[in-house]
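An overview of the molecular structure
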Amino acid sequence: MSEAGRRELESVVRSLIKVNLGVKEDETLLLLGDKGDDVMDPRLALDVGECLELIHPGTTTVIFPSTGRSGIEPPEQVWEASFGRETVQRFRRSGLLKRLIEKTASEEDIRAAGEMVSPADAVDTVVALAFNSTSHTSFRKLLTMWGKARYASMPHFLRDMFFGSMNVDWRALANSTQALARALEGVNSLEIHAGNGTNLELDVSERPFKTDDGDLTKPGSFGNLPAGEVFVAPLEGTTEGTLVIEWGPSLKLAAPMKVFVEKGRAVSVSGENPDDVRWIEGLFSAHPDNNNVAELGIGTNPGATRPDSILESEKILGTVHLAFGDNHTFGGNVVAPFHLDFVVYDATLTGLWKQGGGRRVLLSDGKPGW
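Residues numbered from 1 in each chain as written. Predicted model: local features only at pLDDT ≥ 70, side-chain atom pairs only at ≥ 80, totals over all residues. Heavy atoms only, no water.

Things to note about the overall build of the protein
Heads up, the rule is: For helices the rule is a DSSP run of H or I covering at least 4 residues; for strands it is a run of E covering at least 2, with both sets numbered from the N terminus onward. The atom set for the radius of gyration is the C-alpha atoms, and the globule formula is 2.2 Å times the number of residues raised to the power 0.38. Buried means the residue's accessible area, taken with a 1.4 Å probe over protein chains only, is under 20% of the maximum for its type, while exposed means over 50%, and partly exposed covers the values in between. The contact rule is simple, with two residues in contact once any of their heavy atoms fall within 4.5 Å. The accessible surface values rely on the Shrake-Rupley method and a 1.4 Å probe; as for residues, cover is taken only from the protein chains in view. A residue counts as positive if it is Lys or Arg and as negative if it is Asp or Glu; His and the chain ends are not included. Working definition for charges: the position is that of NZ of Lys, CZ of Arg, CG of Asp or CD of Glu.
Helices and strands together make up the secondary structure of the protein, namely 10 helices and 18 strands. Here the protein has a C-alpha radius of gyration of 20 Å; the compact-globule value for 370 residues is 21 Å, and the two agree. The principal-axis extent of the C-alpha atoms belonging to the protein is close to 55 × 50 × 45 Å. Residue burial in the protein is summarised as follows: out of 370 residues, 56% are buried. Partitioning the contacts of the protein with sequence separation of at least 6, the portion at a separation of at least 24 is 68%. Element-wise, carbon and sulfur atoms account for 49% of the exposed surface of the protein, whose accessible area totals about 15,100 Å². Averaged over its 37 positive side-chain charges, the protein has a centre that lies 3 Å from the centre of its 52 negative ones.

Right, here's the structure in full:
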């Protein structure tokens with residue numbers, strides 16, 4: 001990296017840790033990166049780590065082998081760097097660590113592990129630049145919920161995002177995102193319709209809507225960077241309809257695919273490109289709960305533009321996205337070694353309220369109406 005490039009990167013990384021995470025001088029900071037998957041920019045985590053170590057001497061960098069897929073728990077070395085060796089030894093002696101890493105832990109197991117976590121021993125802040133997402137893992141849930149760490153999840157992050165979707169008015173973004181969350185208060189179900197053939201109905205009764213607005217300064221905060229969405233875990237077993245997929249996580253598909261959803265599960269897939277169909281069928285069949293409809297999200301970031309990175313595309317203002325797999329970290333009941341989002345563009349999103357029988361169009365062909 002050239003000296004000019006280093007100075008430019010150092011400036012935006014400084015904003016990340018000072019504005020988004022609010023890292024104090026006496027706090028610990030952990031940078032997580034992996035190797036093997038991010039062929040687009042294999043130096044990114046290392047370059048960011050060098051900047052962090054210059055800006056914040058309390059930084060530790062851990063580069064670990066790729067997990068191969070989002071939602072899989074990170075290896076033991078990451079747990080030890082995050083929770084402290086003594087805490088991880090307690091997990092191991094109790095038999096919990098193996099179940100946590102293999103994602104066979106029950107909610108009771110996760111709570112028992114949480115009671116072993118000490119915020120004093122856990123890292124204060126995390127910048128997770130691993131290519132595969134650690135967001136929907138028991139590791140992250142334990143670290144933020146019980147360890148009170150502040151956690152910036154940045155999977156599939158591309159260097160130019162620092163100068164695009166991260167270069168926004170964070171206060172204005174937070175205000176818009178919170179306004180959408182308020183507009184959704186008390187909604188019972190949501191309908192999604194799009195010109196590409198997507199038609200879905202989702203029951204969100206009594207499920208909490210979460211906001212991701214870039215403010216990770218409070219203890220236990222967790223979110224993506226770039227930020228900008230409101231999301232919810234639909235009630236398991238209730239989503240019905242058809243999702244038409246035109247973009248994968250990082251590229252446009254050769255032909256659209258239709259995913260047919262019944263009782264909250266993807267039950268079949270059709271499309272003109274057999275390779276794409278086999279790809280998604282393989283993902284859904286790899287675990288009994290991979291085909292669970294896990295999340296509905298709505299993008300709120302006006303600086304997000306690129307459709308070829310799921311981290312940014314799901315934040316594009318006026319888009320909706322549907323995810324399959326794990327949702328136990330944000331209000332759902334499904335634990336799975338998988339979480340994958342698909343974005344729908346130019347969608348119309350309508351909320352239905354039983355109280356008063358109201359209907360409200362929140363998005364109309366991708367145009368916000370909240």
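After that view, the rundown keeps rolling.
A word on the nonpolar core
Selection criterion: What makes a nonpolar core is a set of buried Ala, Val, Leu, Ile, Met, Phe, Trp, Tyr and Cys residues whose side-chain atoms join them at distances within 4.5 Å.
Core analysis: the largest hydrophobic core is formed by 40 residues, its most contacted members being Leu243, Val259 and Phe324. Contacts of Val259, omitting those with residues within four sequence positions, involve Gly241, Thr242, Leu243, Ile245, Ala266, Ser268, Val269, Ile280, Phe284 and Phe324.

Some words on the sheet that holds strand β1 (residues 29-35)
We apply this condition: Should DSSP find at least two bridges between two strands, the strands are taken to pair. What counts as an axis is a line fitted to C-alpha atoms, over the stretch in contact for a helix, and the angles between N-to-C directions run from 0 to 180 degrees.
If you trace the five strands from one edge of the open sheet to the other, you get β2-β1-β3-β4-β8, paired in parallel fashion. Strand pairing shows two members of the sheet lacking a second neighbour, β2 (59-65) and β8 (222-224), which therefore form its edges. Going across the sheet, the axis of each strand differs from the next one's by a mean of 15°, ignoring polarity. As paired elements, β1 and strand β3 (residues 125-128) share four bridges and run parallel to each other. Its bridge partner lying in β3, Leu32 is registered against Ala128.

Some thoughts on the pairing of strand β17 (residues 359-364)
A regular strand places its side chains on the two faces of the sheet in alternate fashion. Sheet topology places strand β16 (residues 347-352) next to β17; four bridges connect them, and they run antiparallel. Looking at the pairing, Thr350 lines up with Val361 of β17. Where β16 hands over to β17, the hairpin turn is made up of six residues, of which Gly356 adopts a positive phi near 85°. Here β17 pairs with strand β18 (residues 367-368) via two bridges, running antiparallel. Bridging across to β18, Leu363 finds its partner in Pro368.

Brief notes about helix α6 (residues 107-116)
We count it as follows: Read the arc as the range of directions from the helix axis to the C-beta atoms.
Every buried residue belonging to α6 is among Asp109, Ile110, Ala113 and Gly114, and all of these are buried. All buried residues of α6 lie within an arc of 140° about the axis, which places them on one face of the element. Turned more than 90 degrees from where α6 packs its buried face, Glu108 and Glu115 sit exposed. Buried-residue contacts for α6 involve α4 (85-93), α5 (96-102) and α7 (138-145).

Some words on the environment of Val23
Take Val23: it is sitting in the loop between α1 (3-20) and β1. In contact with Val23, other than residues within four places in its own chain, are Ile17, Lys18, His56, Thr125 and Arg150.

What about the sheet that holds strand β15 (residues 339-344)?
Across the sheet, which stays open at both edges, the five strands sit in the order β7-β9-β13-β14-β15 with antiparallel pairing between neighbours. Two strands close off the open sheet at either side, each with one partner strand: β7 (210-212) and β15. Across this sheet, the average inter-strand angle for adjacent strands is 25°, counted without regard to direction. Both strand β9 (residues 229-232) and strand β13 (residues 293-299) contribute to a ladder of four bridges, which runs antiparallel. Residue pairing in the sheet places Glu229 in a bridge with Gly299 of β13.

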